[in-house]
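# Tertiary structure, described
Below, each chain spelled out in residue letters.
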Amino acid sequence: DTAVSQTPKYLVTQMGNDKSIKCEQNLGHDTMYWYKQDSKKFLKIMFSYNNKELIINETVPNRFSPKSPDKAHLNLHINSLELGDSAVYFCASSPLSRGEQFFGPGTRLTVL
Amino acid sequence: AQSVTQLDSHVSVSEGTPVLLRCNYSSSYSPSLFWYVQHPNKGLQLLLKYTSAATLVKGINGFEAEFKKSETSFHLTKPSAHMSDAAEYFCVVSDRGGSYIPTFGRGTSLIVHP
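In this report, the structure presented in the accompanying data block is examined. What you see as residue numbers is a count from 1 along each chain, following the sequence as written. Key to labels: chains lettered from A, ligands numbered from 1, both in the order written. Per-residue local features are limited, in this predicted model, to residues with pLDDT of at least 70; the limit for side-chain atom pairs, both in listing and counting, is 80 or more; totals at the level of whole chains, interfaces and linings are taken over all residues. To get the side-chain values, take all heavy atoms of the structure and skip hydrogens and water.

### Brief notes about the overall build of chain A
The following threshold applies: Each helix is a run of DSSP H or I of at least 4 residues and each strand a run of E of at least 2, with the numbering of both proceeding from the N terminus. C-alpha atoms define the radius of gyration, and 2.2 Å times the number of residues to the power 0.38 defines the globule rule. Buried residues are those whose accessible area, probed at 1.4 Å on protein chains only, stays under 20% of the maximum for their type, while exposed residues exceed 50% and partly exposed ones sit between those limits. Whether two residues touch is decided by their heavy atoms; if any such pair falls within 4.5 Å, the residues are in contact. Methods summary: accessible areas were calculated by the Shrake-Rupley approach with a probe of 1.4 Å, and residue burial reflects only the protein chains presented.
The secondary structure content of chain A amounts to 0 helices and 11 strands. When its helices and strands are written in sequence order, chain A yields β-β-β-β-β-β-β-β-β-β-β. For chain A, the C-alpha radius of gyration of 13 Å lies close to 13 Å, the compact-globule estimate for 112 residues. For chain A, the spread of C-alpha atoms along the three principal axes comes to 35 × 30 × 30 Å. For chain A, buried positions account for 43% of its 112 residues. Across chain A, the fraction of contacts at a sequence separation of at least 24, relative to all contacts at a separation of at least 6, is 54%. Carbon and sulfur atoms make up 50% of the accessible area of chain A, which totals about 5800 Å².

Here it is in structure tokens:
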């Protein structure tokens with residue numbers, strides 16, 4: 001049983017397009033996250049979200065927006081894709097805002 | 001503000017020899033500390049965590065870490081490396097000063113030679 005799943009696994013698209021990455025967790029966790037991992041493996045937190053609060057990393061361009069239809073899902077929508085958006089994006093969830101995180105398998109985004 | 005420094009970007013060991021991955025943190029509060037492992041083309045997996053209980057923490061796959069407040073360190077060790085340990089390792093800190101938003105180190109790549 002997959003705890004945190006992401007779709008798609010690979011996403012190749014053109015500059016200027018709008019795309020979404022979906023994330024679902026079946027662990028009953030309250031907090032979910034989106035991370036960007038660059039080619040040097042550096043992980044940057046983009047968003048932290050629970051039922052009550054969205055915390056946005058101020059360095060994230062407003063072309064990126066999280067959307068949560070319900071507690072088990074946190075999707076990432078990206079407008080006007082740029083070459084620099086190419087990276088691996090990871091979704092994660094946590095039972096508490098201070099607890100360990102469970103990561104999805106990642107989505108490799110390539111912008112041409 | 002919380003921060004974490006992984007002192008080595010790469011560590012190379014021979015199979016069967018000990019592993020030491022170093023991590024120093026900065027926190028004005030009682031921190032929670034974690035080590036995660038990422039195998040190639042995979043997501044991250046929790047190895048172990050420290051949350052103000054025992055200072056010596058045992059994790060999966062034979063790894064352990066010791067919380068040393070006086071040295072602000074949380075180094076990861078394993079007595080004997082296995083080929084399957086080759087991966088990227090991340091040290092993570094979170095505390096209430098940072099609203100418990102986790103801060104990741106830049107990662108240490110562990111290379112295991114036969």
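### Considerations on the interface of chain A and chain B
What counts, and what does not: Accessible area, probed at 1.4 Å, shrinks when two parts are joined; the buried area is that loss added up over both. The working definition used for a salt bridge is a side-chain nitrogen of Lys or Arg within 4 Å of a carboxyl oxygen of Asp or Glu. Whenever two N or O atoms come within 3.5 Å, that pair is a polar contact, provided that in protein one can donate a hydrogen and the other can accept it, and provided that, for residues adjacent in sequence, both atoms are side-chain atoms. Each residue receives one of three labels: charged for Asp, Glu, Lys and Arg, nonpolar for Ala, Val, Leu, Ile, Met, Phe, Trp, Tyr, Cys and Pro, and polar for the others, Gly being one of them.
Contacts between the two partners involve 20 residues from chain A, matched on the other side by 19 residues from chain B. Counting each side, the surface lost to burial between chain A and chain B is near 1700 Å², with a carbon and sulfur contribution of 59%. Between glutamate 100 of chain A and lysine 49 of chain B there is a salt bridge, with the nearest N and O atoms lying 2.8 Å from each other. Applying the counting criterion to the chain A and chain B interface returns 3 residue pairs in polar contact (both at pLDDT 80 or more). When residues of the side of chain A that touches chain B are traced back to their parent elements, those giving at least two are strand 4 (31-37) and strand 5 (43-49) of chain A. Here the side of chain A that touches chain B is composed, by residue class, of 9 nonpolar, 6 polar and 5 charged.

### Remarks on the pattern of salt bridges
Enumeration over the complete set of coordinates arrives at 7 salt bridges over all chains. A salt bridge links arginine 63 of chain A to aspartate 85 of chain A, with the shortest nitrogen-to-oxygen separation between them at 2.9 Å. Of this pair, arginine 63 of chain A sits in the loop between strand 6 (54-56) and strand 7 (64-67) while aspartate 85 of chain A sits in the loop between strand 8 (75-78) and strand 9 (87-94), and the two are 22 residues apart along the sequence. No difference in accessibility class separates arginine 63 of chain A from aspartate 85 of chain A, as the two residues are buried. Across the pair lysine 58 of chain B and glutamate 64 of chain B runs a salt bridge, and its minimum N-O distance is 2.8 Å.

### So, unusual backbone geometry
With an omega dihedral of -5 degrees, the bond running from threonine 7 of chain A to proline 8 of chain A counts as a cis peptide bond. Examined against the element boundaries, proline 8 of chain A turns out to sit in the loop between strand 1 (4-7) and strand 2 (10-13). We note that asparagine 41 of chain B has phi near 60 degrees; this positive angle belongs to a residue other than glycine. Looking at the element boundaries, asparagine 41 of chain B is found in the loop between strand 5 (32-38) and strand 6 (44-50). Look at threonine 72 of chain B: it is not a glycine, yet its phi comes out positive at around 45 degrees. Looking at the element boundaries, threonine 72 of chain B is found in the loop between strand 8 (64-68) and strand 9 (73-78).

### A closer look at the sheet that holds strand 3 (residues 19-25) of chain A
Residue and element names in this part refer to chain A. Put simply, the rule is: Only when DSSP finds a minimum of two bridges between them are two strands counted as paired. Axis lines are fitted to C-alpha atoms, over the contacting stretch for helices. Their N-to-C directions set the angle, which ranges from 0 to 180 degrees.
Strands sit in the order 1-3-8-7 across an open sheet of 4 strands; the sheet is antiparallel. Of all strands in the sheet, those with a lone pairing partner are strand 1 and strand 7, marking the two edges. Along the sheet, successive strands turn relative to each other by an average axial angle of 20 degrees, direction set aside. Judged from the 4 bridges that link them, strand 7 and strand 8 form a sheet pairing that is antiparallel. Of the residues in strand 8, the one forming a bridge with lysine 67 is asparagine 75.

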